[in-house]
Amino acid sequence: MAPVLTVENLNVTFALHGSEVRAVSDLNFSLAAGETLAVVGESGSGKSQAFLSIMGLLARNGRASGKALLGDVDLVGMPADRLDAYRGRDIAMIFQDPMTSLNPSLKVKTQLAEVLVRHQGMEKRQAQMQAIEMLERVGIPEPQKRANAYPHELSGGMRQRVMIAMALLCRPKILIADEPTTALDVTVQAQMLELFKNLTDDFGTALVLITHDLGVVAGIADNMMVMYGGRAVETGDTDTLFYDPRHPYTYGLLNSTPHVERKTHRLNPIEGLPPSLEHLPKGCAFHPRCAFHFADCLERRPPLVEEEGGRRRACFFHGPLHLSEHVA
Amino acid sequence: MSATEELLRVDGLKKTFSIGVGLFSRPLVLTALEDISFSVRRGETLGIVGESGCGKSTLGRCILQLLAPDEGRVLWLGQDLTQLDTEEMRKRRRDLQVIFQDPLASLNPRMTVGDIIADPLRTLMPELTRQQRRERVIRIMEAVGLLPEMINRYPHEFSGGQAQRIGIARALVTEPKLIVCDEPVSALDVSIQAQILNLLTDLKDEFGLTLIFISHNLSVVRHVSDRIMVLYLGRIVEMASGDAIYGDARHPYTKALLTAVPIADPQLARQRQVDALKGEIPSPINPPSGCTFRTRCRYARAICAELRPPLETLAGERLVACHRWREIEELGEAAANS
C-alpha cells in the first residue's frame, strides 16, 4: 500500500543565543494507511518537534528542511495559508493538554462546526449537527447537552474527547497525538486508548502516538520509532522491539520501566542524563550513557541501517545486549 | 527493636476544605478525606495509590501536619501530633520529612545547593556547629549521588533528576525516621525515574528509613511498596500487601484500576481484557451517597446507594470496603447480573 506520509531527511533547527541548535536530524520514515506508529523518547529527543515541524507549528525561531510528503504534496516549508488547506482536513494533531487547545470563550459546538464550515464549506446548522454526531462517536454522553457547554465546564477526559472529535471531523488520513493521555487518570486513559483503537479501525486513520510511556505503546502500536538526541535510533514492529531490542538505548528504556504485572527486584536504569541539544556528544549521541560503546562510537555517528525483519538500527555494536555481563 | 513496631498510627482522620459559597449562601464543603485509619510499621514502605481527587496528597500533608485535620489523631510513636504546639512539632520534624513531585519548584532558586540541604539543620538542629553542618551536608550529598564540589551551585544549573537528588538530600539530612514521598518520580524521564527509584531503595536500607510512597502510577508503587492502600474519593477502599493487591484484589475498584494500567508487554497487553470503568470520578464536593464508587461499579445494587460499606478487616491483615466483595468472589462475573 502506498504510504500516506513519507518523511525524507527531515531536519529541524532553532536559532538560540546566536547559534543554531539541532532538534531533529535526518529523520526518514513512512506511515501506511491505518497504521499506528508510536514515537518514543525522553525530553529533548526531538519527538514532538519533528511532528510540529510537519504541521507547520514550530516556534518562530525554528526552521525545518527536508520533505514530508502527504501523497505528492510536500508540507515542509509550505506557507501557512497554503498549509491550512491540508491541516485539519488531511492531517490533524492533538496535544497533551486539551484546555490550551480549545478556545475558552466559544461553545464546543461552535468550535467544532467551524472546522467543517472552513474546510468543507458546509452550512453552519448542518455542521453543528455533524459535530454533535461526532461527539457521540467519541463516547461523549448526552452529546446535545455537551455541545452547548464551554470547555471549562467539561472534565479533562471529556475535553480530550472533544479534541479527538474535532480532529476527526474531516476524516483525516493522519492523526498525530502528542502525549494525549499523559494528563489523564489511568481509568480514563484506558477509555481513551480503547477509543483510539476503535477509531483507527473504523476510519482507517493512521495514528502517530508520541509518548514516553512504553505501557501505552505496547497496547496500541503496530510499529515503533525510538528517538534519542534528535535522531531515530531504532525502528521496527512493536513486538520485535519489545522482545528483542537491539539498540542499547531501547534496551535500557525497557529495563528502566517498572512492571505492573510482576514484581521487579531492581530496575536497571540507564546511567547519566539525556543530552542537552546544545551540547550533543560527538559520534553517537548515546555513547556517554552506553555500557557497550567502544572507540569508534566517540568519533563516528552510526547510520540508521536496515537489518533483518524490517528493523532499522543506528549502532556499531553487534553483540548480544546483556547488561550484567558488560557492566562491571 | 522489633521489625513490626508501629511507628505511625492514623485514627479516624477527616479533612474538609471550605471552597466558597454555593446557591442561597450555602457553604460549599469539599470532603477530601474521611474515616482514614491505618498504621505504618518501622522499616516498611507503604504505597498510597488513587486517581485525582482521591485525597492521597492531602493525606500525606495531614500526616506531616502541614495541614490540620478536622477530626482524628495522628499518633507518632504513641504521641498525637495534632495536639502539639508549633514549637513541639518543630522538634518532631527532624523525624518526619517529605519529598515533593516537582523538584525544581520545591527548591529555593536563590539558595545554593549546600544552603538548601543545610536549611533543615539550621532550624531543626540548631545545636550543630557550622563545621558539623557542612560535614553532614557533604556526607548526604555523596549518599544521594551528588558530587560535593556542586555544593556552591544553584538549582537552575541542575536537571530534573539531579534536582530531585537535592530534594532527597534535604529530606535526609536530619536523619529522619519517616519520609513521605509525594509523587517523587512523576515529573522525571523514564531512565531517570529508574535511577531515583533505585536510590530511594538503597537509602531506605542504608538509613533504616520508613517510607510512605504516594503515587498515581501503579507500576511504580508495586515496585517500591510492601503494603498498599487504595483510595477513592477520600476513603480507603482496600489495603493489603503488595502481592495481595496485585495478585488477588477484592474491591471492584482496585480490580478495575489494575486492568487499566498499561502493561509494557505487547502480547500480555493484547490478551488482557480491560475492565473499562464507566464515566469519570465524581466531584468530591457532591459525592455519591453510600459507597462513593457505586456510580462507576458494575456490581452496584440498591444497598450500595443507601449504606456506606464499612472497612472490614479480613484475614492476613487485609482491609476492604465493599458490600458485595464476598458475592463477587463466589459468583465472579455473574455477580454483575445477579
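Residues numbered from 1 in each chain as written. Chains lettered and ligands numbered in written order. Predicted model: local features only at pLDDT ≥ 70, side-chain atom pairs only at ≥ 80, totals over all residues.

A. Seen up close, the interface of chain B and chain A. Every contact between the two is made by 36 residues of chain B and, on the other side, 38 residues of chain A. At eight residues, the largest contribution of residues to the side of chain B that touches chain A is made by helix α6 (residues 190-207) of chain B. (Contact = placed C-beta atoms within 7 Å. Helix = DSSP H or I, 4+ residues; strand = E, 2+ residues; numbered from the N terminus.)

B. How the structure looks around the pairing of strand β7 (residues 174-178) of chain A. All names here are of chain A. Within β7, five of the five residues are buried, leaving the element largely enclosed by the surrounding structure. Neither face of β7 is open: one carries I174, I176 and D178, the other L175 and A177, and all of them are buried. Across four bridges, strand β6 (residues 91-94) lies against β7 in parallel orientation. Residue pairing for β7: I91 is matched across the bridge by I174. (Buried ≥ 20, exposed ≤ 12 C-beta atoms within 10 Å, placed from the backbone. Pairing = 2+ DSSP bridges.)

C. The arrangement of the sheet that holds strand β3 (residues 36-40) of chain A in detail. Taken in spatial order, the eight strands line up as β6-β7-β8-β3-β9-β10-β12-β11 (chain A) in an open sheet, and their pairing is mixed. Strands at the two margins of the open sheet, each flanked by one partner only, are β6 and β11 (305-306) of chain A.

D. Quick peek at the packing of helix α11 (residues 248-256) of chain A against α6 of chain B. With their axes 8 Å apart at the nearest point, α11 of chain A and α6 of chain B run at an angle of 45° to one another. Between α11 of chain A and α6 of chain B, the angle is such that the two are oblique. Once α11 of chain A is placed against α6 of chain B, the crossing between them reads as left-handed. Note on element contacts: α6 of chain B touches α11 of chain A through V190, S191, Q193 and A194 of chain B, opposite G252, L253 and S256 of chain A. Considering only residue class, the contact of α11 of chain A with α6 of chain B consists of three nonpolar, four polar and no charged. (Axes fitted to C-alpha atoms, helices over the stretch in contact; angles between N-to-C directions. Parallel < 35°, antiparallel > 145°, perpendicular 65-115°, else oblique. Left-handed = near helix turned anticlockwise from the far one by under 90°. Nonpolar A, V, L, I, M, F, W, Y, C, P; charged D, E, K, R; others polar.)

E. Fine view of unusual backbone geometry. Its identity as a non-glycine residue notwithstanding, R171 of chain A has a phi of 50°, on the positive side. Here R171 of chain A lies in the loop between α7 (156-168) and β7. For R171 of chain A, a count of 12 C-beta atoms within 10 Å puts it in the exposed group. Backbone geometry at Q65 of chain B places phi at a positive 60°, although glycine is not the residue there. Looking at the element boundaries, Q65 of chain B is found in the loop between α1 (56-63) and β4 (71-76).

F. The confidence of the model for chain B, seen in detail. Summing up the model confidence of chain B, the mean pLDDT is 92 and the portion of residues at 70 or higher is 99%. Per the prediction output, this complex has pTM 0.90; the corresponding ipTM is 0.86. (pLDDT = per-residue confidence, 0-100.)

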